[in-house]
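# Topology and contacts: notes
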Amino acid sequence: MSSENSSADDEQRVWDVVVVGAGPAGASAAYAAAVAGRSVLLLEKAELPRYKTCGGGIIGPSRDALPPGFELPLQDRVHAVTFSLDGKFTRTRRSKQMLFGLINRPEFDQQLVEHAQKAGAELRTGVTVSRVEQHGSAVPDRRTVAVVLQGGEAVLARAVVGADGSASRIGAHVGVKLDQVDLGLEAEIPVPETVAEDWQGRVLIDWGPMPGSYGWVFPKGDTLTVGVISARGEGAATKRYLEDFIARLGLAGFEPSISSGHLTRCRADDSPLSRGRVLVCGDAAGLLEPWTREGISFALRSGRLAGEWAVRIAEAHDAVDTRRQALNYAFAIKAGLGVEMAVGKSMLAAFERRPGMLHAAITSFRPAWRAFAGITRGSTTLGEMVRSHPMAGRALSALDRRSAVAAPTVAESTATTE
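What comes next is a walk through the structure. (Residues numbered from 1 in each chain as written. Predicted model: local features only at pLDDT ≥ 70, side-chain atom pairs only at ≥ 80, totals over all residues. Heavy atoms only, no water.)

### Notes on the overall build of the chain
- Within the chain one finds 12 helices and 19 strands.
- Here the chain holds 418 residues, and the buried ones make up 55% of them.
- With an accessible surface of roughly 17,800 Å², the chain has 51% of that area assigned to carbon and sulfur atoms. (Helix = DSSP H or I, 4+ residues; strand = E, 2+ residues; numbered from the N terminus. Buried < 20%, exposed > 50% of the residue type's maximum accessible area, 1.4 Å probe, protein only. Areas by Shrake-Rupley, 256 points an atom, 1.4 Å probe, with all protein chains shown as cover.)

In structure tokens:
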């Protein structure tokens, strides 16, 4: 248990907000509630910092959702993207402006937690949550929730935010329903300086051999983060894809420092986001972009909203007001992130059927590349792009309907700078 842990003396203290999980979603929720002047306890089962399977790409919406004064621990700044279609038809697109940044999750998550602590949140690590109770002997009144830890200790709160990842216990309590589950496999590969220099400022995105799959190479100093993702149920094929991908890149001779896997889970449209005085956000709520499975920006944004509405729920004096605030939280999530997820689902469906068409568009059609660059920089989102550009919505519908077209016949080319 960390040095920040509370003593047994305040075991019966009732916190305004208890946040379960100290990843980007949980740290953002804790910061938002603490900066509002409320008492906040942040619970984390691991000791920090800890490794998480994640590419570590920080796109514009992630950057814009960070606390004021947060300095990103960037390992690299991306100005170029190389696209390939299962290793073929490779093309690189470049930008004078930075597209997005790359971070290591242990450092990034630790800094987010530190910002929450500076705002007033308290941290307990090395504790595992067994269950949440909103009724029963552990709960003194109707305005209180009991977060029961392994070993039996009950932590009391006026509101609880579940941010405990894709296998969330809090999500199970709320009744989160899933619509899409994918398997991501990743290797952290230390490379010599000469290899690292070749990748500096450039990432690779490879549209993979299974429907909806893709791979990536993200450079972080002397280490390359190499990963692939595909639908769950294709475990053996996903593993082969990663092995073939690494070999094709000429990296098979380097020993990974870490090899890991992770399931990403995407919520169903009618999945709940709350139950009583308990809210869920980030992976615990199944909030991520369905096509790319990008989750950091969704975690940061939903975490901030969850923290803000948890404060309102903590102040609610009856079930009616609690329900009103929970519905407002759900509306805020669905009006923003929900719209992006709906467009992302359409993009995934189109990509599963027509990967060659999407590859040709993004590498050869300047408006498509500009849209990609705008989304990564944060000047627009998938939802805003479809709302403000009717042609984009029609193109997406057409992409989903039309038959596949031939992929580019030029094996390799390099685009001019944007």
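Let us keep going from here.
### Here's the deal with the packing of helix H1 (residues 24-35) against helix H7 (residues 296-315)
- Two elements in contact, H1 and H7, have axes whose closest approach is 7 Å; the angle formed by their N-to-C orientations is 35 degrees. Note on packing geometry: the crossing formed by H1 with H7 is right-handed. Only Ala299, Leu300, Gly303, Arg304, Gly307, Glu308 and Val311 of H7 make contact with H1, whose side of the interface consists of Pro24, Ala25, Ser28, Ala29, Ala32 and Ala33.
- Across the contact of H1 with H7, the residue classes tally to eight nonpolar, three polar and two charged. (Axes fitted to C-alpha atoms, helices over the stretch in contact; angles between N-to-C directions. Left-handed = near helix turned anticlockwise from the far one by under 90°. Contact = heavy atoms within 4.5 Å. Nonpolar A, V, L, I, M, F, W, Y, C, P; charged D, E, K, R; others polar.)

### Focus on the environment of Val195
- Along the chain, the position of Val195 falls in helix H5 (residues 193-199).
- Distance from Val195 to Thr223, taken between C-alpha atoms, is 9.5 Å for residues 28 residues apart in sequence.
- Setting aside chain neighbours within four positions, we find Val195 in contact with Leu224, Leu251 and Phe254.

### Observations regarding the sheet that holds strand S4 (residues 74-78)
- Spatial ordering of the open sheet is given by S3-S7-S4, a layout of three strands whose pairing is antiparallel. The open sheet has two free edges, formed respectively by strand S3 (57-58) and S4, since each of these has just one partner strand.
- Two strands pair when backbone bridges link them, and S3 and strand S7 (residues 100-103) are joined in this way by two bridges, in the antiparallel orientation. In the strand pairing of S7, Ile58 is matched with Gly101. (Pairing = 2+ DSSP bridges.)

### Section: the environment of Arg94
- As for its placement among the helices and strands, Arg94 is situated in strand S6 (residues 88-94).
- When the C-alpha positions of Arg94 and Val78 are compared, they lie 9.2 Å apart, and in sequence the two are 16 residues distant.

### What about the nonpolar core?
- Judged by nonpolar contacts, the single largest core of 70 residues is most densely connected at Val18, Leu43, Phe108, Val147 and Tyr329.
- Here the element with the most residues in this core is H7; it accounts for 11 residues.
- Apart from residues no more than four positions distant in its own chain, Tyr329 is found in contact with Leu273, Leu279, Val280, Cys281, Ser302, Leu305, Ala306 and Trp309.
- In this structure, Ile59, Trp207, Tyr214 and Ala371 belong to the second largest nonpolar core, which totals 28 residues. (Core = buried A, V, L, I, M, F, W, Y, C linked by side-chain atoms within 4.5 Å.)

### Examining the pattern of salt bridges
- Throughout the structure, instances matching the rule amount to 18 salt bridges.
- With a shortest N-O distance of 2.7 Å, Arg50 and Asp109 are connected by a salt bridge. Residue Arg50 is located in the loop between strand S2 (40-44) and S3, and its partner Asp109 is located in helix H3 (residues 105-118); the two are separated by 59 residues in the primary sequence.
- For Arg50, a relative accessible area of 11% puts it in the buried group.
- The residue Arg293 makes a salt bridge to Asp182 at a minimum N-O spacing of 3.1 Å. Of this pair, Arg293 sits in the loop between strand S18 (278-280) and H7 while Asp182 sits in strand S12 (residues 178-190), placing them 111 residues apart in sequence. Both residues of the pair, Arg293 and Asp182, belong to the buried class.
- Counted as one network, the salt bridges with shared partners bring together Glu44, Arg50, Arg105 and Asp109. (Salt bridge = Lys/Arg side-chain N within 4 Å of Asp/Glu carboxyl O.)

In short, geometric facts, not functional conclusions.
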